[in-house]
Structures are given as structure tokens and as C-alpha cells.
Amino acid sequence: MSEKQLAMWTHLSAFAGFIIPFGNIIAPLVIWLTNKEKSSFVDTQGKEALNFQITVTIASLVSLILTIIVIGVLLAIAVGIFDVVMIIIAAVKVSKGEEFRYPLCIRFIK
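As a convention, each chain's residues are numbered from 1 in the sequence order in which they are written. In keeping with the predicted nature of the model, local features appear solely for residues at pLDDT of at least 70, side-chain atom pairs appear and are counted solely at 80 or more, and the whole-chain, interface and lining totals rest on all residues. The side-chain values count all of the structure's non-hydrogen atoms but skip hydrogen atoms and water molecules.

## Regarding the overall build of the protein
Item 1. Secondary structure counts use DSSP, requiring at least four H or I residues in a row for a helix and at least two E residues in a row for a strand, with both numbered from the N terminus. Within the protein one finds four helices and zero strands.
Item 2. From first element to last, N terminus to C terminus, the protein shows the α and β order α-α-α-α.
Item 3. By the compact-globule yardstick of 13 Å for 110 residues, the protein fits well, its C-alpha radius of gyration being 14 Å.
Item 4. Projecting the C-alpha coordinates of the protein onto the three principal axes gives extents of approximately 45 × 25 × 20 Å.
Item 5. Looking at the protein residue by residue over its 110 residues, the buried ones come to 38%.
Item 6. A fraction of 64% describes how many contacts in the protein between residues 6 or more apart in sequence connect residues 24 or more apart.
Item 7. The average position of the 9 basic charges and that of the 7 acidic charges among the side chains of the protein differ by 2 Å. Radius of gyration means the value over C-alpha atoms here, while the globule rule gives 2.2 Å times the residue count to the 0.38 power. Partly exposed describes any residue whose relative accessible area lies between the buried limit of under 20% and the exposed limit of over 50%, with all areas from a 1.4 Å probe on protein chains only and scaled to the type maximum. Contacts: residue pairs with any heavy atoms within 4.5 Å of one another. The sign given to each residue is positive for Lys and Arg and negative for Asp and Glu; His and the chain ends receive no count. Where a charge sits is defined by one atom per residue type, namely NZ (Lys), CZ (Arg), CG (Asp) or CD (Glu).

Written out as C-alpha cells, the structure is:
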């Protein structure tokens, strides 16, 4: 598998979070850890995917807490839509070999 494909799958693997709790972090983490030594492109995109999914998870937890008031439901919907759209954009960009940086992302892993 080429480095472009691995980077693409690193981003797309975040969709596992819609099936498995915390799969959005675990799946990209596994791909990144097993391939970061082989390719600097996969290394940087893996970090980017992980950082974004950690940020999304935090935003989702805040939304869950805020469901006590109605704004939490609206925020959860917005976070979910933003997550899906950004994952697709990231996957398309890196499949073409372009670097991608998520907006509104806290960079925990440098």
C-alpha cells in the first residue's frame, strides 16, 4: 500500500468511532503507530488525524454535558457534521499527496 493510501486510511479510519466507542481515536492510532517509521507523510498525517479526533472527542463530551440545556444537542449535531465533512476533505486531499491540517484542532501530539 502506498503512503498516500495509508495516510488516507488513517483519516478514514476515524469513522470507526461511529460504530465502536473511541474507535475514532483507536483506529488512526493503530495505523499511525504501525506505519510512522516507514513514511514521514503517514507520520504527519497520522498525528493530524489523531489530534483532530481527540479534539472532536473532547467537543463531543462537552456537548454531552451541555445536553442538560438544549444547546448541547445542537452542538453535538454540529460537531458530528463537522467531523464527517472534515474527515472526507482530509482523505481526498491526502489521497492526492497533499498535506492537510484540520482547522479548529488542538495539537496534542507534536
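That was the structure; now back to the text.
## Here we look at unusual backbone geometry
Item 1. Of note, phenylalanine 22 is a non-glycine position whose phi angle comes to about 65°, a positive value.
Item 2. Mapped onto the secondary structure, phenylalanine 22 falls in the loop between α1 (3-12) and α2 (23-35).
Item 3. If you check the backbone angles, leucine 104 has positive phi at about 55° while not being a glycine.
Item 4. Relative to the assigned elements, leucine 104 resides in the segment after α4 (71-95).
Item 5. Given a relative accessible area of 72%, leucine 104 falls into the exposed group.

## Points about the side chain of serine 63
Item 1. Of note, serine 63 is situated in helix α3 (residues 40-65).
Item 2. By relative accessible area, serine 63 is classed as buried at 1%.

## What to know about a nonpolar patch on the surface
Item 1. Patch membership needs two things, relative accessible area over 30% and no salt bridge, and members are linked within 9 Å if like-charged or within 5 Å if nonpolar (Val, Leu, Ile, Met, Phe, Trp, Tyr). The method behind every accessible area is Shrake-Rupley, applied with a 1.4 Å probe, and residues are considered shielded solely by the protein chains displayed. Each reported salt bridge corresponds to a side-chain nitrogen of Lys or Arg within 4 Å of a carboxyl oxygen of Asp or Glu. Together, Ile58, Val62, Leu75, Ile106 and Phe108 make up a nonpolar patch on the protein surface, roughly 400 Å² of accessible area in all.
Item 2. Within the secondary structure, valine 62 sits in helix α3.
Item 3. For valine 62, a relative accessible area of 38% gives the class partly exposed.

## Re the nonpolar core
Item 1. Judged by nonpolar contacts, the single largest core of 15 residues is most densely connected at Phe52, Met86, Val94, Phe100 and Tyr102.
Item 2. Those elements giving two or more residues to this core turn out to be α1, α3 and α4.
Item 3. Beyond its immediate sequence surroundings of up to four residues, tyrosine 102 is in contact with His11, Glu48, Ala49, Phe52, Met86, Ile87, Ala90 and Arg107. To define a nonpolar core, start from buried Ala, Val, Leu, Ile, Met, Phe, Trp, Tyr and Cys residues and group those joined through side-chain atoms within 4.5 Å.

## Quick look at the packing of aromatic side chains
Item 1. Classification of ring pairs uses Phe, Tyr and Trp, with its six-membered ring standing for Trp, and accepts pairs whose centres are within 6.5 Å; under 30 degrees between planes counts as stacked, over 60 as edge-to-face, and the remaining range as tilted. Applying the stated criterion across every chain yields a total of four aromatic pairs.
Item 2. Clustering of aromatic rings is evident, with ring pairs tying together Phe52, Phe82, Phe100 and Tyr102.
Item 3. If you follow lysine 36 out to its NZ or CZ, it ends over the ring of tryptophan 32, 4.6 Å from the centre. Each ring is checked for a lysine NZ or an arginine CZ that lies within 6 Å of its centre and within 35 degrees of its normal; such an atom marks a charge sitting over the ring.

## Let's talk about α3
Item 1. Compared with the 38 Å implied by 1.5 Å per residue over 26 residues, the 38 Å span of α3 between its first and last C-alpha is a close match.
Item 2. Within 3.5 Å is the distance limit for a polar contact, defined as a pair of N or O atoms, with the added protein rule that one can donate a hydrogen and the other accept it, and that residues adjacent in sequence qualify only through two side-chain atoms. For α3, the capping residue at the N-terminal end is serine 39, with a side-chain oxygen 3.2 Å from the backbone nitrogen of phenylalanine 41. Helix span, as expected, comes to 1.5 Å for every residue beyond the first.

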